[in-house]
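# Fold and contact review
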Amino acid sequence: MPARPLRTPHSALRTRKMRAAVLYGPEDVRLEEIAVPEIGPGDALVRVGAATTCGTDAKVFRRGGHPTMIRPPAPFGHEFAGTVEAVGEAVQGFEPGVRVACANSAPCQQCRYCKLGRWSLCRDILYINGAYAEFIAVPERIVKQNLLPLPDRVPFPQACLVEPLACVVHGAAESNIRVGDTVVVNGAGPIGLFFIRLAALAGARVIATDLSEGRLSVARELGAAETIDASNCEDVVAAVKALTEAEEGADVAIDASGVNAVWEATIRMGRPGATVNLFGGCKPGTTITIDTKHLHYSEMTIKGVYHHTPHHVKQALDLIVSGAIMPEKFISYESPLDEVVPALRKIMEQDGIKSAILPHE
Ligand SMILES: [Zn+2]
Ligand SMILES: [Zn+2]
């Protein structure tokens, strides 16, 4: 039986080619002409308005893949926003021409963890890649949960922030931040800067540490009260504690670096009873050491937090639309698609915060 016609003339696109960045292996990303992805009845095709680089991309670019998110060869990139180009016949609520923001995954809503409301632990989470391209297909599950209409006034590069920000909204919600708390954030890359801004918005006094004075100046613009340049500080833990009440440590200590030694330092920065959020993912297979006496007598809570949920994606979009997160501070460069590799190198070299790739420029 022939497939029923799509509501929009997607067949016209089917023979069309598009330019896309394809990941082949470690530091091997090639710009290629590939077919515009086909969509099924519940899917949407999005014309990419912008796609942003992130720390995960840098990691994947260096390693040549990721065990759960992307296996090469595969179209690359996961943070994007754009305009609906075509929708399958079963899609409701989205028409061609609608501007959208989108997260890179959606949970199954069927497994044990989804039923427990722990969507970020979903055993069958569906990820998409291929944002560094002229078009990207958004599968039904993501259309239903994490494709969101975007107001005209929000530029596409800023709307791309919805995905990484959703991770941090989730992380902040798990960090027990209260008005008047002192919160230390270690690492002032995009993720750390989101934490700094959210903690400041929550009424906390924020101490930020990083190796780059440039990033720390952005941290101050986003609300950090104190900044410590770890590149010229002998004992960062002592320097942080010196800025806290009775030098006992921060109420909340967050790692946004993904560096094992910084995880250990983050734990030592917490006061008795602190919440410690080890958010930055370290290299798989590595370990850290914790002083058992410190953990026991300090009654601290040490937790790992991963990814986002549909609820946090919506909250993230609200924070971007309202301007509260100051999204413009996160986009340092805009480049055409041919410059995706230099843009990935920029994030590896910590040059600026993020680059936005504009595939149709
Ligand atoms: Zn990302
Ligand atoms: Zn699930």
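For the structure, check the block above.
Residues numbered from 1 in each chain as written. Chains lettered and ligands numbered in written order. Predicted model: local features only at pLDDT ≥ 70, side-chain atom pairs only at ≥ 80, totals over all residues. Heavy atoms only, no water.

## Quick look at the coordination of the zinc ion (ligand 1)
For the zinc ion (ligand 1), the full set of protein donor atoms is Cys 54 (SG), His 78 (NE2) and Glu 79 (OE), and the range of their distances to it is 2.1 to 2.4 Å. Positions of the donor residues of the zinc ion (ligand 1), expressed as sequence spacing, correspond to C-x23-H-E. Placement of the pair is Cys 54 in the loop between β3 (44–52) and α2 (55–63) and Glu 79 in strand β5 (residues 79–87), with a sequence separation of 25 residues. An identical accessibility class is assigned to Cys 54 and Glu 79; each is buried. (Donors = N, O, S within 2.8 Å, 3.2 Å for Na, K, Ca; no water. Helix = DSSP H or I, 4+ residues; strand = E, 2+ residues; numbered from the N terminus. Buried < 20%, exposed > 50% of the residue type's maximum accessible area, 1.4 Å probe, protein only.)

## Regarding empty space enclosed by the protein
In total, this model carries one cavity of 30 Å³ or more according to the counting rule given. For the largest cavity, the calculated volume is near 50 Å³. Every residue lining the largest cavity is listed: Thr 56, Asp 57, Val 60, Met 69, Ile 70, Phe 76, His 78 and Asn 129. By residue class, the composition of the lining of the largest cavity is four nonpolar, three polar and one charged. (1 Å grid on protein atoms, 1.4 Å probe; cavity = no way out; pocket = protein on both sides within 12 Å on 5 of 7 lines; lining within 4 Å. Points joined across faces, edges and corners; volume = space filled by probe spheres on them. Nonpolar A, V, L, I, M, F, W, Y, C, P; charged D, E, K, R; others polar.)

## Quick notes on the environment of Val 259
Topologically, Val 259 is positioned in the loop between β14 (250–255) and α10 (260–268). Sequence spacing of Val 259 and Asn 186 is 73 residues, and the spatial spacing of their C-alpha atoms is 9.9 Å.

## Structural notes on the coordination of the zinc ion (ligand 2)
Note on the zinc ion (ligand 2): its protein donors are Cys 108 (SG), Cys 111 (SG), Cys 114 (SG) and Cys 122 (SG). The metal-donor distances range over 2.3 to 2.4 Å. Given four donor atoms and angles of 101 to 116° at the metal, the environment of the zinc ion (ligand 2) is assigned as tetrahedral. The exposure class assigned to Cys 111 is buried, which follows from its relative accessible area of 13%. (Tetrahedral: all angles 85-135°; square planar, octahedral: opposite > 155°, others 65-115°.)

## Considerations on the side chain of His 78
Counting through the fold element by element, His 78 comes out in the loop between β4 (74–75) and β5. Side-chain polar atoms of His 78 contact the side chain of Asp 57, separated by 3.1 Å. Those residues in contact with His 78 that sit more than four places away from it in its chain are Cys 54, Thr 56, Asp 57, Asn 104, Ile 128, Asn 129, Ala 131 and Glu 163. (Polar contact = N/O pair within 3.5 Å; in protein donor to acceptor, adjacent residues only side chain to side chain. Contact = heavy atoms within 4.5 Å.)

## Observations regarding α2
Along α2, the residues that are buried comprise Asp 57, Ala 58, Val 60 and Phe 61. On an axial view of α2, the arc spanned by its buried residues comes to 165°, and they lie on one face. Looking at the buried positions of α2, the neighbouring elements they touch are β1 (17–25), β2 (28–35), β3 and α13 (340–348). Gly 64, located one to two residues past α2, shows a positive phi value of around 85°. (Arc of directions from axis to C-beta.)

## Quick notes on the environment of Asp 351
Among the structural elements, Asp 351 can be located in the loop between α13 and β18 (354–358). Judged by relative accessible area, which is 30%, Asp 351 ranks as partly exposed. Ignoring sequence-local partners within four residues, the contact set of Asp 351 consists of Tyr 333 and Lys 346. Within the structure, Asp 351 has its side chain in polar contact with the side chain of Tyr 333 (distance 2.5 Å).

## Details of the sheet that holds β4
Sheet architecture is open: three strands sit in the order β2-β1-β4, paired in antiparallel fashion. A single partner strand is all that each edge strand has here, and the edge strands are β2 and β4. As defined by bridge partners, β1 adjoins β4 across two bridges and the pair is classed as antiparallel. Across the sheet, the residue bridging to Leu 23 is Ala 74, located in β4. (Pairing = 2+ DSSP bridges.)

## Here we look at the sheet that holds strand β11 (residues 182–186)
Taken in spatial order, the six strands of this open sheet run β13-β12-β11-β14-β15-β16, and their pairing is parallel. Among the strands making up the open sheet, the edge pair consists of β13 (226–229) and β16 (301–304). Neighbour-to-neighbour, the strand axes of this sheet turn through a mean angle of 15°, independent of strand direction. Here four bridges tie β11 to β14, and the two strands are oriented parallel to one another. Note that in β14 the partner of Val 184 across the bridge is Ala 253. The strands touched by α10 within the sheet are β11, β14, β15 (270–278) and β16, with β15 carrying the most contacts at an inclination of about 150°. (Axes fitted to C-alpha atoms, helices over the stretch in contact; angles between N-to-C directions.)

## A look at the packing of α2 against α13
The interhelical angle for the contact between α2 and α13, taken along N-to-C directions, is 105°, at an axis separation of 9 Å. Classified by the angle their axes make, α2 and α13 are roughly perpendicular. Across the interface between the two elements, Gly 55, Asp 57, Ala 58, Phe 61 and Arg 62 of α2 pack against Val 341, Leu 344, Arg 345, Ile 347 and Met 348 of α13. Of the residues that constitute the contact of α2 with α13, the class distribution is six nonpolar, one polar and three charged. (Parallel < 35°, antiparallel > 145°, perpendicular 65-115°, else oblique.)

## Overview of the packing of helix α6 (residues 162–173) against helix α12 (residues 310–321)
Packing of α6 against α12 leaves a shortest axis separation of 8 Å and a crossing angle of 110°. By the angle between their directions, the pair α6 and α12 is classed as roughly perpendicular. Considering the relative orientation of α6 and α12, their crossing is right-handed. Touching Val 162, Leu 165, Ala 166, Val 169, His 170 and Ala 173 of α6 are His 312, Val 313, Gln 315, Ala 316, Leu 317, Leu 319 and Ile 320, all from α12. Class assignment for the residues of the contact of α6 with α12 results in 10 nonpolar, three polar and no charged. (Left-handed = near helix turned anticlockwise from the far one by under 90°.)

## Section: α10
Each α-helix turn comprises 3.6 residues. Residues three or four places apart therefore point the same way. Residues of α10 that are buried include every one of Asn 260, Trp 263, Ala 265, Thr 266 and Ile 267, and no others. Close packing links the buried residues of α10 with β11, α9 (236–241), β14, β15, α11 (292–298) and β16.

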